[in-house]
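Reading the structure
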Amino acid sequence: MGSEVRQRSSAGKGGKSEDELLAPLPFSYADLRAAIPPHCFQPSLALSIYYGMRDLFFCFILFVSIYYVDKSLAGQPDLAWAHQLAWVAYTFAQGTMFWALFVVGHDCGHGSFSDSKFWNDFFGHIFHTPILVPFHSWRLSHKKHHNVTGNI
């Protein structure tokens, strides 16, 4: 029984062994980086602001939408299912958009939002505030996380 358990646990996705899953990739990091156009590594403040503001706009639209849907469906017992479905859909959609805000704030924390520390910090606070993530303390703890990731 012990060997059966050992054998089962050593097989990963698709029945591949751990050695097969951990085999070196057929390309290097340098190959991967060379395949990406150089302009993709240059931060654009205007483009970054556009993406961040677009995400904030969608969050606002979703909030306004659920406000009016809630207002029109509340107190109608025969449409209780639609009211509940609307809230489930809203929760999923808004959660997705909040994750998008987190990602933009994450880029600010890494300094890839712009070349300016001031703008990275400023917009990091702007994009993390709606999702109730304190940007500065998150940035510091995230920096520590990257300093020790992979170390045992």
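Before reading further, recall that the structure is shown in the block above.
Some words on the overall build of the protein
Scanning the protein for helices and strands turns up seven helices and zero strands. Reading the secondary structure of the protein in the N-to-C direction produces α-α-α-α-α-α-α. Here the protein, with 152 residues, has 19% of them falling under the buried criterion. The contacts in the protein between residues at least 6 apart in sequence include a share of 58% that link residues at least 24 apart. Accessible surface, the protein as shown: approximately 11400 Å² in total, 67% of it carbon and sulfur.

Quick word on the pattern of salt bridges
Counted according to the given criterion, the structure contains three salt bridges. For the salt bridge of Asp 55 with Arg 54, the shortest nitrogen-to-oxygen distance reads 3.9 Å. Residue class for Arg 54 comes out partly exposed when judged on its relative accessible area of 33%. Note that Asp 121 and Lys 117 form a salt bridge whose closest N and O atoms lie 2.7 Å from each other. Residue Asp 121 and its partner Lys 117 are located together in helix α6 (residues 117-128), separated by four residues, close to a single helical turn. Overall, Lys 117 belongs to the exposed group, its relative accessible area being 52%. Ionic contacts of the salt-bridge type, sharing partners, join the residues Lys 117, Asp 121 and Arg 139 into one network.

Thoughts on the nonpolar core
One finds Leu 101, Cys 108, Phe 113, Phe 123 and Phe 127 to be the most contacted residues of the largest nonpolar core, which totals 13 residues. Those elements that place two or more of their residues in this core are α5 (80-110), α6 and α7 (135-148). Excluding residues that lie within four positions of it along the chain, Leu 101 makes contacts with Gly 52, Asp 55, Leu 56, Cys 59, Phe 127, His 128, Pro 130 and Ile 131.

A short note on the environment of Asn 120
Positionally, Asn 120 belongs in helix α6. Taking C-alpha positions, Asn 120 is 4.5 Å from Cys 108, a pair spaced twelve residues apart along the chain. Other than its neighbours up to four places away in sequence, Asn 120 contacts Cys 108, Gly 111, Ser 112, Phe 113, Ser 114 and Phe 135. Among the polar contacts listed, one links the side chain of Asn 120 to the backbone nitrogen of Ser 114, at a separation of 2.9 Å.

Observations regarding helix α4 (residues 45-73)
Along its 29 residues, α4 runs 42 Å from first to last C-alpha, staying within 8% of the 42 Å computed at 1.5 Å per residue. Along α4, the residues classified as buried are Ser 48, Gly 52, Asp 55, Cys 59, Ile 66 and Leu 73. Considering only its buried residues, α4 is in contact with α5 and α6. Downstream of α4 by a residue or two, Gly 75 has a phi angle that is positive, lying close to 80°.

A closer look at unusual backbone geometry
Located in the positive-phi region is Leu 132, a residue other than glycine, with phi close to 60°. Following the sequence through the fold, Leu 132 ends up in the loop between α6 and α7. Accessibility expressed as a relative area gives 76% for Leu 132, which makes it exposed.

Digging into the packing of aromatic side chains
Counted by the stated rule, this structure contains 15 aromatic pairs. Aromatic side chains Trp 119 and Phe 122 sit 5.6 Å apart centroid to centroid with 90° between the ring planes, which places their arrangement in the edge-to-face category. Taken together, the positions of Trp 119 and Phe 122, both in helix α6 and three residues apart, correspond to about one turn of that helix. Exposure remark for Trp 119: the relative accessible area of 33% places this residue in the partly exposed category. Taken together, the ring pairs connect Phe 113, Phe 118, Trp 119, Phe 122, Phe 123 and Phe 127 into an aromatic cluster. Positioned above the aromatic ring of Phe 41 is the side chain of Arg 33, whose terminal nitrogen or guanidinium carbon lies 3.9 Å from the ring centre.

Rules of the game
- Residues numbered from 1 in each chain as written.
- Predicted model: local features only at pLDDT ≥ 70, side-chain atom pairs only at ≥ 80, totals over all residues.
- Heavy atoms only, no water.
- Helix = DSSP H or I, 4+ residues; strand = E, 2+ residues; numbered from the N terminus.
- Buried < 20%, exposed > 50% of the residue type's maximum accessible area, 1.4 Å probe, protein only.
- Contact = heavy atoms within 4.5 Å.
- Areas by Shrake-Rupley, 256 points an atom, 1.4 Å probe, with all protein chains shown as cover.
- Salt bridge = Lys/Arg side-chain N within 4 Å of Asp/Glu carboxyl O.
- Core = buried A, V, L, I, M, F, W, Y, C linked by side-chain atoms within 4.5 Å.
- Polar contact = N/O pair within 3.5 Å; in protein donor to acceptor, adjacent residues only side chain to side chain.
- Expected span 1.5 Å × (residues − 1).
- Phe/Tyr/Trp six-rings, centres within 6.5 Å; stacked < 30°, edge-to-face > 60°.
- Lys NZ or Arg CZ within 6 Å of the ring centre and 35° of its normal.

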